[in-house]
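# Observations on chain architecture
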Amino acid sequence: MLERSTMAENALTALHDEQYDVPLNSQNLNHHTMVFTKGRESVSLNGSWNFCVDLLDTGLRQKWYELQPASPADRTEPWDYDPFMGETVPVPSNWAMLKEKWYFFEGSAWYTRRLDVAIQPEERYVLRVGAAQYDCKVFMNGKFLGNHYGGSTPFYVELTEHLADGENWLMLCVNNTRTLDRVPMRNTDWFNYGGVYRDVELFTLPGIFIKDMFVRLSEDGCSIEVDVALDGLEGGKSTTALLEVPELGIAQHITVTQEAATRVGIGVGRGRCCIAADPERWSPANPRLYDVVLTAGDDRITDRVGFRTIVRDGVDILLNGEPVWLRGISVHEDDEAMGKVTSEEDIRRRLAHAKELGCNYLRLAHYPHHERVAELADEMGFMLWQEIPVYWAIDFESESTFKDAKNQLAEVIFRDRNRASVIIWSVGNENPDTDSRLRFMRKLTETARLHDPTRLVAAACLINHAKLKIEDRLAEHLDVIGINEYYGWYDENIEDLRTIGENSNPDRPVVISETGADGDNTCHGPVTGWFSESYMAEVYRQQIGMLRELEYIKGMSPWILYDFRVERRQNIYQRGFNRKGLISADKRTKKEAFDVLAAFYHEMKDK
Ligand code: GCB
């Protein structure tokens, strides 16, 4: 018995301490601690990490993170896990994909690695974890440094004051337990992958560094607006930063003044400017990007930014002032072999398949995808719907659930708001229309607009199937109403779609955020009927036949590009996968419906 508790008086009562993790659930790593890292060099901490699954949370109870490296002869008591030796796994990875016995593992897992740093006195050190699903607690050299909630957004830990010159030990405790009060909650239609599944990096920064930069075209399209945040300004001081967009002849000084103290005597300074400019507009047809460089003291960052406007005008979506119809496809971040770990090749393949379909738009469902997707979408000319996992039965009554959702939304916005491709922030999917949900999600729409007034806000809303009407009080707080409809699959009469339009008479754009059918195109699949590839294609034909006539529909993102893994689908045709992909889980074999949709989109392109 090695349980250790600061609350318990003796060793036995420590076994009864079920509050052991409370001090460590601080959520102190959040959107406030984010650092702009694009265009910066880093030291990769990917690779082999010591690893241990920990179903009973023994590590937190016994404080494994306080152990120091020592040989058995030098230890003074027995130990249940030695973080400095034993099994290793690659980072990034999802443990479900590494060993069969970890496939359904839900709980804590410990990642440990050595970190050697030659400390330079003037420098600051920031750890970035691209994503760890879901709750991650960070420890270094025996000390707890912070905790992050949210499985799909990056988080940052300043290590400066905790690093020793030379050898250091970094530990991450990652927990993927589904709970009722988190975002998402217990029940989802995608696999609950656990692990550190995006890059882990160490950034070395000067004493005053650029914490944030937000660059965009103003709503009237006449100027470029820039917000800058610097970290490390000394009490009451102001400084200047230089913004350059060489191809536009812009070299503009921005005054940055201290706003809030983050550490003793050290604060964040903010500055803003608005520069008259007329850049070439970014669009899917002309994905023009400009180099943007920001210099502040010894720090310098670069980004590639596209300039465009996206607004709602009555029932239309206007890109650079012109109505646009969204020819989209939904995608999950999922791979048969890699789980949620994604690669440049995987993202490029995804976008190449979308191009082949004739898409100008993707819905990144149901959580923030890897940031590389938006960068490549910027380059290749796709518009994106990005969302947070406020999915199904979230605990809308809970303040702490709201805090979590709001933070995830802010994090993805801060991460991607320089990406022209992102046109929509979506705040939820298929949530019941209760008073508490309305309050919760209305506040999320406000958060989205506060952090980014330059994009549209959407959600997948509800249809009243008895009245055949879009009936969702959230709709009036959105710019774009998404509806998930499955006529031909879960829903019966496709003609209802016409009636829904007539009965709803929406005053803003409606997009079909999902529609589709399962088709098992493997050797196990049926030839006709439910789950056959041919029935799936027929559903697409019927959908397209109907949707092309409906004026109120301004775009669609059928469900989904690839088959994806999920626990809840276990019939003989599904076998642990949702098979609504236009391409099967091998990401190669196209189903008949692929060509049906491609033919429609190619025809729409010319309109
Ligand atoms: C939905 C959900 C999506 C599911 C899909 C399905 O409405 O939004 O997450 O995967 O239906 O296949 O049932």
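None of the values given here were measured: they were computed from a predicted structure. (Residues numbered from 1 in each chain as written. Predicted model: local features only at pLDDT ≥ 70, side-chain atom pairs only at ≥ 80, totals over all residues. Heavy atoms only, no water.)

### Quick notes on unusual backbone geometry
Most peptide bonds take the trans configuration, and most residues that are not glycine carry a negative phi. A cis amide bond, omega 5°, links V91 with the succeeding residue P92. Within the fold, P92 resides in the loop between strand 3 (88-91) and strand 4 (108-117). Put simply, A365 and H366 share a cis peptide bond, and its omega is -15°. Mapped onto the elements, H366 comes out in the loop between strand 24 (361-364) and helix 4 (371-380). You will see that Q27, though not glycine, has its phi angle at about 50°, which is positive. Examined against the element boundaries, Q27 turns out to sit in the loop between helix 1 (11-14) and strand 1 (43-44). Judged by relative accessible area, which is 14%, Q27 ranks as buried. Unlike most non-glycine residues, N141 shows phi in positive territory, near 50°. Secondary-structure assignment places N141 in the loop between strand 7 (135-140) and strand 8 (143-149). (Helix = DSSP H or I, 4+ residues; strand = E, 2+ residues; numbered from the N terminus. Buried < 20%, exposed > 50% of the residue type's maximum accessible area, 1.4 Å probe, protein only.)

### Re the UniProt feature "domain: Glycosyl hydrolases family 2 sugar binding" (unreviewed entry) in the protein chain
According to UniProt, the "domain: Glycosyl hydrolases family 2 sugar binding" (unreviewed entry) feature falls on residues 44-206. The distance from the first to the last C-alpha atom of residues 44-206 is 19 Å, and the span holds 3% helix and 40% strand. (UniProt positions renumbered as here; feature names shortened; annotations may be inferred.)

### What about the site of the ligand?
The ligand sits among 14 residues. The nearest are D189, Y391, E430, Y490 and K580. D189 is positioned with one of its side-chain polar atoms (N or O) 2.4 Å from an oxygen atom of the ligand. Here E514 contributes a side-chain N or O atom positioned 2.6 Å from an oxygen atom of the ligand. Contact with the protein chains hides 96% of the accessible area of the ligand, taken as 310 Å² for the molecule alone. Here the shell around the ligand is composed, by residue class, of five nonpolar, four polar and five charged. (Near = heavy atom within 4 Å. Polar contact = N/O pair within 3.5 Å; in protein donor to acceptor, adjacent residues only side chain to side chain. Areas by Shrake-Rupley, 256 points an atom, 1.4 Å probe, with all protein chains shown as cover. Nonpolar A, V, L, I, M, F, W, Y, C, P; charged D, E, K, R; others polar.)

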